[in-house]
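What follows is each chain in one-letter form.
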Amino acid sequence: MKKLQIAVIILFSTVLALPLTAEDKAIKRQPSAKGAKVYIISPKHGRTLKNGKVKVVFGLSGMGVCPATLAGPDGKPLPGTGHHHLLLDAKEMPPMNVPLAASETLLHFGGGQTETVLNLKSGTHTLQLVFADWLHIPHDPPLISKKVTITVK
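None of the values given here were measured: they were computed from a predicted structure.

Criteria and cut-off values
Residues numbered from 1 in each chain as written. Predicted model: local features only at pLDDT ≥ 70, side-chain atom pairs only at ≥ 80, totals over all residues. Heavy atoms only, no water. Helix = DSSP H or I, 4+ residues; strand = E, 2+ residues; numbered from the N terminus. Buried < 20%, exposed > 50% of the residue type's maximum accessible area, 1.4 Å probe, protein only. Contact = heavy atoms within 4.5 Å. Areas by Shrake-Rupley, 256 points an atom, 1.4 Å probe, with all protein chains shown as cover. Pairing = 2+ DSSP bridges. Axes fitted to C-alpha atoms, helices over the stretch in contact; angles between N-to-C directions. Polar contact = N/O pair within 3.5 Å; in protein donor to acceptor, adjacent residues only side chain to side chain. pLDDT = per-residue confidence, 0-100.

Describing the overall build of the protein
Along the backbone of the protein there are two helices and 10 strands. In the protein, which comprises 153 residues, the proportion classed as buried is 35%. Contacts spanning at least 24 positions in sequence make up 69% of the contacts within the protein whose residues lie at least 6 apart. Accessible area of the protein: about 9500 Å², with a carbon and sulfur share of 60%.

Here it is as structure tokens:
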């Protein structure tokens, strides 16, 4: 009996570790507020910077920023809120109907951060924000900033 319990635990753990799509998890995308916008306050598009340390300030209107783990008094995530994800030199937009996967080009700010400092090499770089819910899934419709291009000398 003990071997069967261990086998069940291993099987269950393996299933939980598999990557699941939004359809697999039956996740309903959270609505974005009408008129809400996400944008990059700084640096400005077209700016040339002399230092590789670039402060990026995130902007949001019409919704609230909160940590990915923050829940209301009912234990459910707070409606009309989310957190920022920064696309850094991303060649293409990630899927908008599944959790955004963290990578070198997709940075998560699930702690509710509204700014960061990036250490960028010399060259041209692009920055773009995507706002997402507590599960890292972009809202519906997705809130995506305009792409900002900067040059670091």
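What to know about the sheet that holds strand β7 (residues 115–119)
The sheet built from three strands is open, its strands ordered β1-β3-β7 with antiparallel pairing. With partners counted over all chains shown, the strands left at the sheet margins are β1 (37–42) and β7, one partner each. Strand after strand, the sheet turns through a mean of 30° between neighbouring axes, direction not considered. Pairing of β1 with strand β3 (residues 53–61) involves five bridges; the strand directions are antiparallel. Within β3, the residue paired with I40 across the bridge is F58.

Some remarks on the side chain of H85
Assignment of secondary structure puts H85 in strand β5 (residues 81–88). Side-chain polar atoms of H85 contact the side chain of H136, separated by 3.1 Å. Ignoring any residue separated from it by four or fewer positions in sequence, one finds H85 in contact with L100, L106, L107, H108, Q128, L129, V130, A132 and H136.

Topic: the pairing of β3
As judged from the five bridges shared by β3 and β7, these two strands associate in the antiparallel manner. For K53, the partnering residue across the bridge sits in β7 and is N119.

Let's talk about the environment of G64
Here G64 is to be found in strand β4 (residues 64–65). With near-sequence residues (within four places) excluded, G64 lies in contact with G80, T81, G82 and F131.

Re the confidence of the model for the protein
Residues of the protein with pLDDT of at least 70 account for 82%, and the chain-wide mean is 85. Counting contacts from residues 1–18, a segment whose pLDDT is below 50, to residues more than four positions away or on other chains yields zero contacts. Confidence drops under pLDDT 50 across residues 20–25; counting only partners more than four residues distant or on other chains, this segment forms seven contacts.

Re unusual backbone geometry
In the segment running from S42 into P43, the intervening peptide bond is cis, with an omega of 5°. Mapped onto the elements, P43 comes out in the loop between β1 and β2 (48–49). Omega for the bond connecting D140 with P141 falls within 30 degrees of zero, at 0°, which places this linkage in the cis form. Its location among the elements puts P141 in strand β9 (residues 138–144). With a phi close to 55°, D89 is a non-glycine residue in the positive phi region. Topologically, D89 is positioned in the loop between β5 and β6 (106–109). Given a relative accessible area of 25%, D89 falls into the partly exposed group.

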